[in-house]
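A structural walkthrough
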Amino acid sequence: MLRSAIAATMIVAVVLLSTPGIAVAAEGDTAKPGSYAAQKVVYHNNGRGPDSTKYFKALLRNLRNHVEAVGANGIDIKVVNHGDGVGLLQSAMFDADLAKAVDDLKAKGVQFLVCQNTLDERKIDPATLYGLTAGDIVPSGIAELIKWQQAGYYYVHP
């Protein structure tokens, strides 16, 4: 009986340790940068209606916390912005706190992508979006989310 319990525990440990994206800490350990396995994540930002400022601040806080927990060298994050989510980069043009948060995340490798369909449908000039470059514009936000999931990125929609 004891032998089978030990064998079962060992099998679980081998499965956990060999599963990509799962890190196992010793009892009592707290998460430290680098204590997680490398992660590839695509965040979905479609805002929360006309006044999404509170949501944007929470999203940026989630992103910051995620990068800090895993470590900038162990994480690859894409943020796909479409629909009302494009308002994040519009708001950052005149909100210094949002702009700083975006800059800090970009400095740690987070990439902010913007849907061309949204820009076209809403007649948004890309020059009115904070820190946007031509390489940050993707043809379709939804297709981009699927593309990254097919490439093995985990999907997060906070």
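What comes next is a walk through the structure. (Residues numbered from 1 in each chain as written. Predicted model: local features only at pLDDT ≥ 70, side-chain atom pairs only at ≥ 80, totals over all residues. Heavy atoms only, no water.)

A few points about the packing of helix H2 (residues 53-70) against helix H4 (residues 96-107)
Following both chains from N to C, one finds H2 and H4 inclined at 25 degrees, their axes separated by 10 Å at the closest point. Compared by their axis directions, H2 and H4 come out roughly parallel. Relative to H4, the crossing made by H2 is left-handed. Listed contacts from H4 to Phe56, Lys57, Leu60, Leu63, Arg64 and Val67 of H2 are Leu98, Ala101, Val102 and Leu105. (Axes fitted to C-alpha atoms, helices over the stretch in contact; angles between N-to-C directions. Helix = DSSP H or I, 4+ residues; strand = E, 2+ residues; numbered from the N terminus. Parallel < 35°, antiparallel > 145°, perpendicular 65-115°, else oblique. Left-handed = near helix turned anticlockwise from the far one by under 90°. Contact = heavy atoms within 4.5 Å.)

Here's the deal with the packing of aromatic side chains
Going through the model one piece at a time under the given rule, you end up with two aromatic pairs. For the pair tyrosine 55 and phenylalanine 56, a centre-to-centre distance of 6.0 Å together with 55 degrees between the ring planes defines the contact as tilted. Residues tyrosine 55 and phenylalanine 56 agree in their burial class; the two are buried. When the centroid spacing of 4.9 Å and the interplanar angle of 65 degrees are considered together, the rings of tryptophan 148 and tyrosine 153 count as edge-to-face. Judged on exposure class, the residue tryptophan 148 and its partner tyrosine 153 are both buried. The residue whose ring lies beneath arginine 48 is tyrosine 55, and the NZ or CZ to ring-centre distance is 4.2 Å. Lysine 78 extends its terminal NZ or CZ atom over the ring of tryptophan 148, reaching a point 4.7 Å from the ring centre. (Phe/Tyr/Trp six-rings, centres within 6.5 Å; stacked < 30°, edge-to-face > 60°. Buried < 20%, exposed > 50% of the residue type's maximum accessible area, 1.4 Å probe, protein only. Lys NZ or Arg CZ within 6 Å of the ring centre and 35° of its normal.)

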